[in-house]
Protein chains: 2
Amino acid sequence: MSDAQAPEKRRAPVKEGKGSKEGEERHEAIYRAVSDAIVEQRLKPGARLREDALADVFGISRTGIRKILQRLALEQLVTLTPRRGASVTRPTADEAKDVFDARQLIECGLMPDVARRMGEKEAAELRDMAREERQALRSGQQSVAIRLSADFHVRLAQLSGNATLAEFVERLCSRSSLILAVYGHPGHLGCESHDHDDLIGYLEAGNGERAKAFMSRHLKAIEASLSMVEEAESAPDLQQIFGG
Amino acid sequence: MSDAQAPEKRRAPVKEGKGSKEGEERHEAIYRAVSDAIVEQRLKPGARLREDALADVFGISRTGIRKILQRLALEQLVTLTPRRGASVTRPTADEAKDVFDARQLIECGLMPDVARRMGEKEAAELRDMAREERQALRSGQQSVAIRLSADFHVRLAQLSGNATLAEFVERLCSRSSLILAVYGHPGHLGCESHDHDDLIGYLEAGNGERAKAFMSRHLKAIEASLSMVEEAESAPDLQQIFGG
DNA sequence: CGGCTATTTATTGTATACAGTCATTGTCTC
DNA sequence: GAGACAATGACTGTATACAATAAATAGCCG
């Protein structure tokens, strides 16, 4: 090769085979990892998410982390304050009310459409999800159960055939998980364990109105199970820790 | 100045006084500029948005542009294909149906709440917006009128007091503007010019149910005014331009 | 002359370096 | 001893440089 006149020039810093083709999926995986960690309360509301730390953990640079953080911010799972960085969103009581009101309007309104499109295969899939949720609850993994419950509601909304509304429901459910994590009672999950099974029954029978009414009560029950007391702010945990 | 030993070295790239403190507002302004350009059809569906070009136009680096593009992508105003870059979203007929179904559900469901919270000041503000919209329409600026109509619907939703649902309506209205730009008839704006005034009347009278029914008809009328024929794809505009 | 392949070019994806700002801590003064 | 101010450190905001890839074009072979 006659162009080998600059042997000192460092070669391509290709780390491994994964140049950047799989970067898309990797980013998606990291996004989901962080999202799940937030929803399952392994990252508690108020927790700071430093870019360097995340970049270090996941082995990519800050650029990719920022992208993910911005997406999470737009979904309101993390709060992005101008020069302070990112932190897990701590939902306020007002926001909680808005979210559950929105779920009332959208999810209930979707039930007739879902009932119309419900078939055997869909019902079976939903029953599987409901069973998995019960199982998680029985084995004491409440945080996991909260996420699985959200997954159930999202899948339901997707069955309506309206992708736009399903996406809205997805975001509302993520935020609901956060709200449950903050305002829910430790021992008591909002969703009664067989509520979802009953709902599937109504839907499978094609009874949209019945399902709508049931969903309304279901959501009201979850909201009613919350204790709307503001918990400690970000810092003064010390008071509580040392007993004053 | 004893440190003038390296006159060739380019100084700190501080362009002007605006180091980075006003960067927030600048980004927001650029975001709105692009968003408005899309909604007002100055950037037509399918148009490619190259990062370099945008960075050059707005005088910031690609980093900031990417951030804005990602935000627009999450709002589904631009489509981001993996290695092809960003382009203005070309809504499909299915998406259009989803969007208008979603508006039916959400905006109609919001009317009772809006009627309950409607006061004189709010009604006056809305009337001003409606008048401005009529004015734009009369002066032939149809694209501007579409955007103003969207603003009206968004403001209405904000008056419901539910910030979450108002944000959803905002996104739906942006997408609706895009849909109108693609599928609407050139001479005929979906919204009848005094529809909005009539609606304000019902709301001011506290008649939420009447307003709800009217909004439903209003949205149906807009949707019905669309001609759901797929236009030319992204490239073959040439066919149309040169008359085949 | 048409279709296929190789090269080139244009554009995005990613990392890194640098500068600015906020918070915290340490010190000095009242 | 307490409060204010200054210095230091940590973290984010932004730009730029480099590598990879897909599109476009030119060349070649059939």
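The structure presented is a predicted model; accordingly, all values stated were derived computationally and were not measured.

## Concerning the sheet that holds strand β1 (residues 48-49) of chain B
All names here are of chain B.
Step number 1: The strand order across the open sheet formed by 3 strands is β1-β3-β2, and the pairing between neighbours is antiparallel. The sheet is open, and its two edges are formed by β1 and β2 (78-81), each paired on a single side.
Step number 2: Sheet topology note: the β2/strand β3 (residues 85-88) ladder contains 4 bridges and is antiparallel. Paired with Leu 80 across the two strands is Ala 86, which belongs to β3.

## Focus on the packing of aromatic side chains
Step number 1: Overall, the coordinates contain 3 aromatic pairs over all chains when judged by the stated rule.
Step number 2: Taking the centre distance of 4.0 Å and the plane angle of 0° together, the rings of Phe 168 of chain A and Phe 168 of chain B count as stacked. With Phe 168 of chain A in helix α7 (residues 163-183) and Phe 168 of chain B in helix α7 (residues 163-183), this residue pair bridges two chains. The same class applies to Phe 168 of chain A as to Phe 168 of chain B, namely buried.
Step number 3: Each ring, one from Tyr 202 of chain A and one from Phe 214 of chain A, has its centre 5.5 Å from the other, and the planes form 65°; the classification is edge-to-face.

## With respect to the interface of chain A and chain B
Step number 1: Each partner contributes residues to the interface: chain A has 26 residues there, and chain B has 26 residues.
Step number 2: Counting each side, the surface lost to burial between chain A and chain B is near 2,200 Å², with a carbon and sulfur contribution of 56%.
Step number 3: Here chain A and chain B share 2 salt bridges between them.
Step number 4: Arg 171 of chain B is the partner of Glu 167 of chain A in a salt bridge, and the nearest nitrogen-oxygen pair spans 2.9 Å.

## A closer look at the environment of Gly 64 of chain B
Step number 1: Its place among the elements puts Gly 64 of chain B in helix α3 (residues 62-74).
Step number 2: Look at Gly 64 of chain B and you get buried, because its relative accessible area is 9%.

## A short note on the environment of Arg 134 of chain B
Residue and element names in this part refer to chain B.
Step number 1: Assignment of secondary structure puts Arg 134 in helix α5 (residues 120-138).
Step number 2: Once the C-alpha coordinates of Arg 134 and Ala 145 are considered, the two residues, 11 residues apart in sequence, prove to be 7.4 Å apart.
Step number 3: Dropping the residues within four chain positions of it, Arg 134 is found in contact with Ser 193 and Asp 197.

## Considerations on the relation of the copies chain A and chain B
Step number 1: Rotating chain A by 180° and moving it 0.1 Å along the rotation axis overlays it on chain B with an RMSD of 0.1 Å. Look at the turn and shift together and you get a two-fold axis relating the two.
Step number 2: Of the residues that chain A buries at the interface, 100% are likewise interface residues in chain B, meaning the two copies contact each other through the same surface.

## Details of the protein's contact with DNA strand C
Step number 1: By nearness alone, 19 residues border DNA strand C, and Ser 61 and Thr 63 of chain A together with Arg 62, Arg 66 and Pro 82 of chain B come closest of all.
Step number 2: Taking all atoms of DNA strand C within 4 Å of the protein, the share assigned to sugar and phosphate is 68%.
Step number 3: Arg 62 of chain B places a polar side-chain atom, nitrogen or oxygen, 3.0 Å from a base nitrogen of DNA strand C.
Step number 4: Between a phosphate oxygen of DNA strand C and a main-chain N or O atom of Pro 82 of chain B, the distance comes to 2.4 Å.
Step number 5: Ranked by residues supplied to the surface near DNA strand C, first place goes to helix α3 (residues 62-74) of chain A with 3 residues.
Step number 6: Of the residues contributing to the surface near DNA strand C, the split by class is 4 nonpolar, 6 polar and 9 charged.

## A few points about the side chain of Asp 195 of chain A
All names here are of chain A.
Step number 1: Checked against the element boundaries, Asp 195 lands in helix α8 (residues 195-204).
Step number 2: Within the buried core, Asp 195 has no salt-bridge partner, and the shortest N-O distance to an opposite charge, that of Arg 217, equals 7.9 Å.
Step number 3: When residues no more than four places from it in sequence are discounted, the contact partners of Asp 195 are Phe 214 and His 218.

The rules behind the values
Residues numbered from 1 in each chain as written. Chains lettered and ligands numbered in written order. Predicted model: local features only at pLDDT ≥ 70, side-chain atom pairs only at ≥ 80, totals over all residues. Heavy atoms only, no water. Pairing = 2+ DSSP bridges. Helix = DSSP H or I, 4+ residues; strand = E, 2+ residues; numbered from the N terminus. Phe/Tyr/Trp six-rings, centres within 6.5 Å; stacked < 30°, edge-to-face > 60°. Buried < 20%, exposed > 50% of the residue type's maximum accessible area, 1.4 Å probe, protein only. Contact = heavy atoms within 4.5 Å. Buried area = accessible area lost by both parts, 1.4 Å probe. Salt bridge = Lys/Arg side-chain N within 4 Å of Asp/Glu carboxyl O. Least-squares fit on C-alpha atoms with pLDDT ≥ 70 in both. Near = heavy atom within 4 Å. Polar contact = N/O pair within 3.5 Å; in protein donor to acceptor, adjacent residues only side chain to side chain. Nonpolar A, V, L, I, M, F, W, Y, C, P; charged D, E, K, R; others polar. Lys, Arg positive; Asp, Glu negative; His and termini not counted.

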